[in-house]
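Fold and contact review
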Protein chains: 4
Amino acid sequence: MATHRFTPTRYHNAIGTAEPCFRLADGDTLITDTIDASGLDAHEVAVAPRPNPMTGPFFIEGAEPGDTLAVRIDRLTPSRATGWTYSPLALTVLDPAAIIDRPPVQRVVWDINRNAGTVKLQEPSPGLEDFAPEIAPMIGCFGVAPAGGQAFSTATSAQNGGNMDYRLFAPGTTAWFPVSVPGALFYLGDGHACQGDGEITGTGIETSFEMQVTFQVLKRSIAWPRGETAEDIFCVGNARPLDQALQHATTEMSRWLGEDYGLDARAASHLMGQVVRYDVGNVFNPAYTVACRIAKRWLTRR
Amino acid sequence: MATHRFTPTRYHNAIGTAEPCFRLADGDTLITDTIDASGLDAHEVAVAPRPNPMTGPFFIEGAEPGDTLAVRIDRLTPSRATGWTYSPLALTVLDPAAIIDRPPVQRVVWDINRNAGTVKLQEPSPGLEDFAPEIAPMIGCFGVAPAGGQAFSTATSAQNGGNMDYRLFAPGTTAWFPVSVPGALFYLGDGHACQGDGEITGTGIETSFEMQVTFQVLKRSIAWPRGETAEDIFCVGNARPLDQALQHATTEMSRWLGEDYGLDARAASHLMGQVVRYDVGNVFNPAYTVACRIAKRWLTRR
Amino acid sequence: MATHRFTPTRYHNAIGTAEPCFRLADGDTLITDTIDASGLDAHEVAVAPRPNPMTGPFFIEGAEPGDTLAVRIDRLTPSRATGWTYSPLALTVLDPAAIIDRPPVQRVVWDINRNAGTVKLQEPSPGLEDFAPEIAPMIGCFGVAPAGGQAFSTATSAQNGGNMDYRLFAPGTTAWFPVSVPGALFYLGDGHACQGDGEITGTGIETSFEMQVTFQVLKRSIAWPRGETAEDIFCVGNARPLDQALQHATTEMSRWLGEDYGLDARAASHLMGQVVRYDVGNVFNPAYTVACRIAKRWLTRR
Amino acid sequence: MATHRFTPTRYHNAIGTAEPCFRLADGDTLITDTIDASGLDAHEVAVAPRPNPMTGPFFIEGAEPGDTLAVRIDRLTPSRATGWTYSPLALTVLDPAAIIDRPPVQRVVWDINRNAGTVKLQEPSPGLEDFAPEIAPMIGCFGVAPAGGQAFSTATSAQNGGNMDYRLFAPGTTAWFPVSVPGALFYLGDGHACQGDGEITGTGIETSFEMQVTFQVLKRSIAWPRGETAEDIFCVGNARPLDQALQHATTEMSRWLGEDYGLDARAASHLMGQVVRYDVGNVFNPAYTVACRIAKRWLTRR
């Protein structure tokens, strides 16, 4: 149950089976630094190429193929006072006919005011002079080595996690990933200071972070990433089109209700039919992300 | 600003240009009865065939092609003490491989307890003995005559509304529909006592209702249904796959932010990128429904 | 078995249940005129509005709901010497990023040279001076009244046919449509002098035609349009995305192999797996069209 | 311009950046063995695990990132007298409702009769006693290392090629792949003795092969695989849904017509609109494959 501080010196643009940078025991806590989606660190120095350079991989002792790696997100602290976004809306969220009149892509800078707890455009567009949403830090891209010797760009996501850009991967949430290689090989990065549903400008507010997470190895198998917040449990599907991502997430949730809550397929459908919520993690990356979410108030663990 | 009570004697399974059943003035309030998705009325008597028999159409004086019909949902009162749902999960929300083991479709009955304010399975599945979510009434299917002399089954939805099955079409919400024919020709029905996101069992808790709505004709044009609740504004897209529904909803929201809130495409993207929420109305009907939603706290009307 | 000549005086932009313009007996042949997609007749006079104004509906005596209407395409003769197309490629067939550099839409004119048997741009783009593909006439939009009192714009298609824009709906082909109303109510129009797969510029070479077709009522049921050419049989699915259109077409073909060729689902899959061909009718309209096609040389009717 | 014979001793289930098994010069010809999709070699001995174990990777001297590797398929000779397929139709090509009645998956064996030039079920289903389509050998899975240090399962495909299962990757065809790493790192395997469009049973007739291919390095860049047969040129897109695969293929073809045939976007659209053909490579794998194909008779190289 030790806490380790690891300072990265190299980064990865694919989640695969690279040489581990550090080893932790089951139960350990990791504090480390992540750089932003374009490779800028806490000093805005470019230290790695795009996309989404990852810190890692971390070898978690005891994690074996077929296990599940639980990652509790303890703390996400922006490590600089600015972040950046793109505008306008991404090609993937516009009617094709609306793309014709789309203004060119720009990168703009936001101030991250940790005292006020808000983010704000440095040069607000007309009408947004007072727009200052709360800082809501989240991890855009994290996950474990995929199965079968594969390695996926950090631009995308799959059953092993990756660039899901889902705003509930936030402090207090525990994320679960299916382990495919010894040690799991966990990567993390691409922190956002704030982001709406869908990552619809192609970015959250991209910045560098100090992240603290705690690992636990579960001797059980899952097919897709899962998560738990103070309020909810959720399952994540990553695919195109959104329909398929939603199918993966929903099927995984139905399985979970069977495994841990004693509900067969019919009972699960009665419950899900009345209380399920769907969230769109991202509708921008090569694989889209949909979460199927249920409030824990409706559930009794068996 | 009169209030009218209309008792239907016939119903429609398509939203088109049928002969109006009743005429109201701009500003008038309508109180009427709707029957459930399978045609059962308040006495559980089958009075019309499937799917989703509609009450209407209502002719709203002053509504002309190119206008917008605003429909404030004043009250949705279940008119009987039971509703029904299907189980298990719909084919559209399952991984295709999971369909193979899916139990057969069953219809089950829920008690609608207006004193307790909850719904409850009459014969709860094991594990759901205590499952009693709050009554959360909503309109499953409503809208106006489509353009071009078309008529669409009440199984589906389009730019004119229809079977969207979105749970925020609830008391307190005002829905907007694009008018394509003189009088708009408004239909409504398919009330649900409760429903999660996506209508993922193919049903909400289907029951008969007394519905009260108030009409207002707006001399402005919209492309897709819009809505406003106490907290939020939203735009709805209806299409397959979900991606396309989301594109329609997002593009319409960006337009709305320009029209009423003074935000150009770039400013709209800065705001939407941080605060937008997506809801899945239904992922069951021939056209799926996605809502793009923004909290009004972020918006200042110009 | 009479042959009738019908000269239309009005046209329809939706396929529904309009008043029949003419009645024919089972077995009769119809010769009639169709105007082009934008409403221009044989004299290039605008006689009806867009989209795809239809000649019809024709009432076929003896056709009852649940039957199938077979329509043999005997002859499609362009009735003027020019047709038109749009350029460039449609929004639906381009990578979204490629839409940004797309030139604006233009309408251009092609000469239809019936002596040479070819079509040719009146003002060829550089590099296309010698481009003169063969005239290959086809029906872009035809079908029968849909079920349930619906009416669909001639911009789209569904189980009842409609704007499928499939190049094998050509002379010598017999098309089958599922009948939903007494008399079937058959509409036709939107002839093309030539068209590649997918209708990827949003048009074939659009022109007016004299069309000759022969009707036969079959006392059997189908779910989706089917067809037979000299070489092949095919089934058509109309939906979005292409995946779903392909599923409808494939499922219908598997059914057909069972009904008429004595192959159960497993046997059908053995045959289809080795010899099936897929054609993309259109990937432009609100509903896309995919045909599942099999050469008759592989089939023995039972 | 040497010809090399290489006998593999190990196989790969991912296309990535494994250590080269053999080096060839630009212009060289390779003769090698491939095993079937399930890992059975010419003696039906299981020598590698699923899916689609690849022979390779081959290092082609002179190939650098940004180049194109041309692979001429000289000869595909089945190296045993049987192959196998699955039945019934795959989940991905059926209407979801039709999945419920789908018989269980079976593996069956086909005789590959090289004298007769045909394939035939060893135990024909009723109605298929005379069904013996021609041997039509093709490569199911081949390609080069992807960009960015990625590695993809041989179950799927992407811009670097992979499991496209397109029947025109056959003797006489030259395939082009975009090179992302020095030496290109070319893999091949998963030969089929026959296959219809779409690989709709999840298999072609899977067997082991002796394959002969000739490499050429082109100092030009492409985004997606391209190919040339005696009759046609084609571009391949790999993605879900089919719509997106088709967009990639179409956009790449429009580019090619500009690069090599002097047609700008508008001219390319005039030509493609009349003569383009779409083929569905596979509609089974995680990424679907669509080819956009044009007969060379319509093209004049500039």
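Residues numbered from 1 in each chain as written. Chains lettered and ligands numbered in written order. Predicted model: local features only at pLDDT ≥ 70, side-chain atom pairs only at ≥ 80, totals over all residues. Heavy atoms only, no water.

So, the overall build of chain A
Quick reminder of the rule: A helix here means a DSSP run of H or I that spans at least four residues, while a strand means a run of E at least two residues long, and both kinds are numbered starting from the N terminus. Here the globule rule is a power law, 2.2 Å times the number of residues to the power 0.38, and the radius of gyration is based on C-alpha atoms. Should any heavy atoms of two residues lie within 4.5 Å, those residues are considered in contact. Working definition of accessibility: Shrake-Rupley area with a 1.4 Å probe, residue cover restricted to the visible protein chains. When charges are counted, neither His nor the chain ends are considered; positive counts come from Lys and Arg and negative counts from Asp and Glu. Where a charge lies is defined by one atom per residue type: Lys uses NZ, Arg uses CZ, Asp uses CG and Glu uses CD.
Scanning chain A from N- to C-terminus turns up three helices and 20 strands. The C-alpha atoms of chain A give a radius of gyration of 19 Å, which matches the 19 Å a tight globule of 302 residues would have. With the C-alpha coordinates of chain A rotated into their principal frame, the extents come out at 55 × 45 × 35 Å. Taking contacts inside chain A between residues at least 6 apart in sequence as the whole, the part at least 24 apart equals 75%. When the accessible surface of chain A is totalled, it reaches about 9,800 Å², and 51% of it is carbon and sulfur. Across chain A, the mean location of the 24 positive side-chain charges is 5 Å away from that of the 33 negative side-chain charges.

Thoughts on the interface of chain B and chain C
Condition: Buried area: the accessible area, evaluated with a 1.4 Å probe, that two parts lose upon being put together, summed over both parts. Only one rule defines a salt bridge in this text: a Lys or Arg side-chain nitrogen within 4 Å of an Asp or Glu carboxyl oxygen. Pairs of N or O atoms within 3.5 Å make up the polar contacts considered here, provided that, within protein, one atom can donate a hydrogen while the other can accept it, and that residues adjacent in sequence are counted only when both atoms are side-chain atoms. Basically, the charged four are Asp, Glu, Lys and Arg, the nonpolar ten are Ala, Val, Leu, Ile, Met, Phe, Trp, Tyr, Cys and Pro, and anything else, Gly included, counts as polar.
With 10 residues of chain B at the contact, the number on the chain C side is 10 residues. Counting each side, the surface lost to burial between chain B and chain C is near 740 Å², with a carbon and sulfur contribution of 49%. Summed over the three residues of chain B that lose the most area to chain C, namely Gln 150, Ala 151 and Arg 240 of chain B, the buried surface amounts to 48% of that side. Counting every contact that joins chain B to chain C gives zero salt bridges. The tally of links from chain B across to chain C stands at five residue pairs in polar contact (both at pLDDT 80 or more). Of the residues in the side of chain B that touches chain C, the class split is four nonpolar, five polar and one charged.

Side note on the relation of the copies chain B and chain C
The operation linking the two copies of the chain is a rotation about an axis combined with a translation along the axis. The criterion, for reference: Least-squares superposition of the copies uses the C-alpha atoms of those residues scoring a pLDDT of at least 70 in each of them.
It takes a turn of 180° to lay chain B on chain C, together with a shift of 0.0 Å along the axis; the resulting RMSD is 0.0 Å. In short, the pair behaves as if placed about a two-fold rotation axis. Of every C-alpha in chain B, the one belonging to Ala 151 of chain B sits nearest the axis of rotation, 2.3 Å from it. A share of 100% of the interface residues of chain B reappears at the interface of chain C, consistent with the copies meeting face to face through the same patch.

Here we look at the interface of chain D and chain C
Taken together, the 65 residues of chain D in the interface contact 65 residues of chain C. The contact between chain D and chain C buries some 5,300 Å² in all, and 59% of this surface belongs to carbon and sulfur atoms. The largest share of the area that chain D buries against chain C comes from Arg 266, His 270 and Gln 274 of chain D, three residues that together contribute 15% of it. Applying the counting criterion to the chain D and chain C interface returns two salt bridges. Arg 297 of chain D is the salt-bridge partner of Glu 134 of chain C, the closest N and O atoms lying 2.7 Å from each other.

Points about the sheet that holds strand E16 (residues 209-218) of chain A
Residue and element names in this part refer to chain A. Note the threshold: Two strands make a pair as long as DSSP finds a minimum of two bridges between them. Angles here are taken between N-to-C directions and fall from 0 to 180 degrees, while the axes themselves are lines fitted to C-alpha atoms, restricted in helices to the stretch in contact.
Ordered in space as E1-E4-E16-E6-E14-E17-E18-E20-E19, the nine strands form an open sheet in which the pairing is mixed. Of all the strands in the sheet, just strand E1 (3-6) and strand E19 (277-282) have a single pairing partner and so form its edges. Looking at each pair of strands side by side, their axes are set apart by 25° on average, direction ignored. Two strands pair when backbone bridges link them, and strand E6 (residues 68-78) and E16 are joined in this way by 10 bridges, in the antiparallel orientation. Bridge assignment links Thr 68 to a residue of E16, and that residue is Leu 218. Contacts from helix H2 (residues 242-261) reach strand E14 (174-178), strand E17 (226-228), strand E18 (232-239), E19 and strand E20 (288-295) within the one sheet, and its direction differs from that of E18 by about 140°.

Examining the domain arrangement of chain A
Residues and elements named next belong to chain A. Under the convention used in this document: The split of the chain into domains comes from an automatic or database domain assignment.
By domain assignment, chain A separates into domain 1 (3-80 + 137-218), domain 2 (82-121) and domain 3 (226-298). Between the C-alpha centres of domain 1 and domain 2 there is a distance of 23 Å. Taken together, the 19 residues of domain 1 in the interface contact 14 residues of domain 2. Between domain 1 and domain 2 lies a buried interface of about 1,300 Å² when both sides are counted; carbon and sulfur atoms form 60% of it. Considering only the surface of domain 1 that becomes buried against domain 2, Ile 200, Thr 201 and Ile 205 emerge as the three largest contributors, covering 37% of it. At the junction of domain 1 with domain 2, the criterion picks out zero salt bridges.

Points about the packing of H2 of chain A against helix H2 (residues 242-261) of chain B
Look at H2 of chain A against H2 of chain B: their axes get within 7 Å of each other, and the N-to-C directions meet at 115°. On the side of H2 of chain A, the interface is formed by Leu 242, Asp 243 and Leu 246 of chain A, while H2 of chain B contributes Leu 242, Asp 243 and Leu 246 of chain B. Within the contact of H2 of chain A with H2 of chain B, the residues separate by chemical class into four nonpolar, no polar and two charged.

As for the confidence of the model for chain A
In plain terms, the rule: Each residue gets a pLDDT score, which is the predictor's confidence in that residue and runs from 0 to 100.
With 100% of its residues at a pLDDT of 70 or more, chain A shows a mean pLDDT of 98. The ipTM assigned to the predicted complex is 0.98, against a pTM of 0.98.

A short note on the sheet that holds strand E15 (residues 186-192) of chain D
Residue and element names in this part refer to chain D. The six strands are arranged E3-E5-E15-E10-E13-E12 in an open sheet whose pairing can be described as mixed. What marks the edges here is a single partner per strand, and that holds for strand E3 (22-24) and strand E12 (157-158). Examined bridge by bridge, E3 and strand E5 (residues 55-60) share three bridges and lie parallel to one another. Bridge assignment links Leu 24 to a residue of E5, and that residue is Ile 60.

Some details on the state of the cysteines
Counted only if it meets this: Note on terminology: disulfide denotes any pair of cysteine sulfur atoms within 2.5 Å. The cut-offs for exposure are 20% and 50% of the maximum accessible area for each residue type, with area from a 1.4 Å probe on protein chains only; residues under the lower value are buried, those over the upper are exposed, and the others partly exposed.
Under the defined criterion, the tally for this structure stands at zero disulfides over all chains. Its sulfur unpaired, Cys 141 of chain B is 15 Å from the next cysteine sulfur, which belongs to Cys 21 of chain B. A relative accessible area of 0% means that Cys 141 of chain B is categorised as buried. In this model Cys 194 of chain D remains outside any disulfide bridge; the closest cysteine sulfur is found in Cys 292 of chain C, 15 Å from its own.

A word on the environment of Thr 68 of chain A
All names here are of chain A. Tracing the sequence through the fold places Thr 68 in strand E6. Placed 104 residues apart in sequence, Thr 68 and Gly 172 show a C-alpha to C-alpha distance of 19 Å. Polar contacts involving the side chain of Thr 68 include one to the main-chain carbonyl oxygen of Arg 220, which spans 2.7 Å.

Thoughts on the pattern of salt bridges
On inspection of all chains with the given rule, the structure shows 72 salt bridges over all chains. Between Lys 219 of chain A and Asp 67 of chain A there is a salt bridge, with its nearest N and O atoms 2.5 Å apart. Taken together, the positions of Lys 219 of chain A in the loop between E16 and E17 and Asp 67 of chain A in the loop between strand E5 (55-60) and E6 put the pair 152 residues apart, joining distant regions of the chain. For Asp 67 of chain A, a relative accessible area of 8% puts it in the buried group. Of the charged contacts, one joins Arg 72 of chain C and Asp 74 of chain C as a salt bridge, the two residues approaching to 2.5 Å between their closest N and O atoms. Note on Arg 72 of chain C: relative accessible area 40%, which makes it partly exposed.

Description of the packing of helix H2 (residues 242-261) of chain C against helix H3 (residues 265-275) of chain C
Residue and element names in this part refer to chain C. Defined as follows: Each angle gets one of four labels, with under 35 degrees taken as roughly parallel, over 145 as roughly antiparallel, 65 to 115 as roughly perpendicular, and the rest as oblique. It is the rotation of the near helix from the far one that decides the hand of a crossing: anticlockwise by less than a right angle makes it left-handed, clockwise makes it right-handed.
Where H2 meets H3, the axes come as close as 9 Å, and the angle between the chain directions of the two elements is 120°. With respect to H3, the element H2 is oriented oblique. Relative to H3, H2 is oriented so that their crossing is right-handed. Side by side, H2 and H3 meet where Thr 250, Met 253, Ser 254 and Leu 257 of the first sit next to Ala 268, Leu 271 and Met 272 of the second. Along the lines of polarity and charge, the residues of the contact of H2 with H3 split into five nonpolar, two polar and no charged.

Some details on the pairing of strand E4 (residues 29-34) of chain B
Residues and elements named next belong to chain B. Burial analysis of E4 places five of its six residues in the buried class, the great majority of the element. When strand E1 (residues 3-6) meets E4, the two strands line up parallel, connected through four bridges. Each residue of the ladder has a partner; that of His 4, found in E4, is Leu 30. Sheet topology note: the E4/strand E16 (residues 209-218) ladder contains six bridges and is antiparallel. Paired with Thr 29 across the two strands is Thr 214, which belongs to E16.

Regarding unusual backbone geometry
A cis amide bond links Arg 240 of chain B to the next residue, Pro 241 of chain B, at an omega of -10°. Omega for the peptide link from Gly 56 of chain C to Pro 57 of chain C comes to -5°, which places this bond in the cis form. With respect to the secondary-structure elements, Pro 57 of chain C resides in strand E5 (residues 54-60). The phi torsion at Glu 44 of chain B lies on the positive side, around 60°, for a residue other than glycine. Relative to the elements of secondary structure, Glu 44 of chain B occurs in the loop between E4 and strand E5 (54-60). In the Ramachandran plot, Asp 165 of chain B falls in the positive-phi region, its phi being about 55° despite a non-glycine side chain. Structurally, Asp 165 of chain B is set in the loop between strand E13 (161-163) and strand E14 (174-178). On the accessibility criterion, Asp 165 of chain B (0% relative accessible area) is buried.

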